[in-house]
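Examining the three-dimensional arrangement
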Amino acid sequence: MATWDDVERIALALPLVEERADGGFEGWRTWKITGDKGRQVVWERPMRASDLRVLGDAAPVGESIAVRTPDFETKAARLAEIDACFDIPHFAKYTGVLVLLAAVSVDGLSELVEESWLTVAPKRAAKAWLAERA
């Protein structure tokens, strides 16, 4: 089971990632690439009332985050492979998935956050990071 401390530790260990001091969208915790044009890597994404109305009894229970995937094929694979990953209608045209923290392992969380980072990181930074890990 992953925690908010795990999310923070994993996200901030990646190059160029900062936690938004202003709390991000709707006051949710957000980790993004530094700079005004930096994109979100991982962010808190609780279920909104509109999500709960659409999902009904199938709505996941617990704290959740959103991460990016590089494309719709990868999104589909994550949804099929990882029980902690789920989708909502609001994300239907978006290459991201939601992840229940209580249902994902720390290793699984790390893989998802790193994949999200690789999706939005500057190409030079991503290439250098991958080379260091090889």
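One can find the structure itself at the top, above this paragraph.
Residues numbered from 1 in each chain as written. Predicted model: local features only at pLDDT ≥ 70, side-chain atom pairs only at ≥ 80, totals over all residues. Heavy atoms only, no water.

**Description of the overall build of the protein chain**
Broken down by element type, the protein chain carries five helices and six strands. Its helices and strands in sequence order give the protein chain the pattern α-β-β-β-α-β-α-β-β-α-α, from N to C terminus. Along the first, second and third principal axes, the C-alpha set of the protein chain runs to 45 × 35 × 30 Å. When contacts within the protein chain are restricted to residue pairs at least 6 apart in sequence, long-range pairs at least 24 apart make up 52% of them. Roughly 7,500 Å² of accessible area belongs to the protein chain as shown, and the carbon and sulfur atoms make up 53% of that amount. (Helix = DSSP H or I, 4+ residues; strand = E, 2+ residues; numbered from the N terminus. Contact = heavy atoms within 4.5 Å. Areas by Shrake-Rupley, 256 points an atom, 1.4 Å probe, with all protein chains shown as cover.)

**Details of the packing of aromatic side chains**
Applying the stated rule across the entire model yields four aromatic pairs. Both rings, one in W4 and one in W31, keep their centres 6.4 Å apart while their planes meet at 20°; by these two values the pair is stacked. Highlighted residues: W4 in helix α1 (residues 4-12) and W31 in strand β2 (residues 30-33), separated in sequence by 27 residues. Residue W31 is classed as buried on the basis of its relative accessible area, which comes to 0%. An angle of 85° between the planes, with centres 5.0 Å apart, marks the rings of F91 and Y94 as edge-to-face. Taken together, W43, F91 and Y94 form an aromatic cluster joined through their ring pairs. (Phe/Tyr/Trp six-rings, centres within 6.5 Å; stacked < 30°, edge-to-face > 60°. Buried < 20%, exposed > 50% of the residue type's maximum accessible area, 1.4 Å probe, protein only.)

**Some remarks on helix α4 (residues 106-120)**
For α4, spanning 15 residues, the distance from its first C-alpha to its last is 21 Å, which sits close to the expected 21 Å at 1.5 Å a residue. When α4 is considered as a whole, its buried residues turn out to be G108, L109, S110, L112, V113, E114, E115, S116, W117 and V120. (Expected span 1.5 Å × (residues − 1).)

**So, the side chain of T30**
Along the chain, the position of T30 falls in strand β2. Note on T30: relative accessible area 2%, which makes it buried. A distance of 3.3 Å separates a polar atom in the side chain of T30 from the backbone oxygen of W28. (Polar contact = N/O pair within 3.5 Å; in protein donor to acceptor, adjacent residues only side chain to side chain.)

**Digging into the pattern of salt bridges**
Using the criterion set out here, one finds eight salt bridges in the structure. Between K75 and D87 there is a salt bridge whose closest N-O contact spans 3.2 Å. Here D87 lies in the loop between β5 (85-86) and β6 (96-100) and K75 lies in helix α3 (residues 72-81), a separation of twelve residues in the sequence. Residues E81 and R78 are paired through a salt bridge, measuring 3.2 Å at the closest nitrogen-oxygen approach. Of this pair, E81 and R78 both sit in helix α3, three residues apart, which is roughly one turn of the helix. Within this structure, E8, E19 and R29 form a network of salt bridges that share partners. (Salt bridge = Lys/Arg side-chain N within 4 Å of Asp/Glu carboxyl O.)

**Looking at the sheet that holds β5**
The six strands lie next to each other as β1-β2-β3-β4-β6-β5, forming an open sheet whose pairing is antiparallel. In this open sheet, the two edge strands, each paired with only one partner strand, are β1 (17-19) and β5. On top of the sheet, α4 reaches β1, β2, β3 (40-44), β4 (64-68), β5 and β6; it is set at about 40° to β4, its chief contact. (Pairing = 2+ DSSP bridges. Axes fitted to C-alpha atoms, helices over the stretch in contact; angles between N-to-C directions.)

**Comments concerning the pairing of β3**
Where β2 lies against β3, three bridges are found, and the strand directions are antiparallel. Across the sheet, T30 pairs through a bridge with W43, a residue of β3. What sits between the antiparallel neighbours β2 and β3 is a turn of six residues, in which G35 has the positive phi angle 100°. Inspection of the sheet shows β3 paired to β4 by three bridges, in the antiparallel sense. Note on β4: the bridge partner recorded for V42 is V67.

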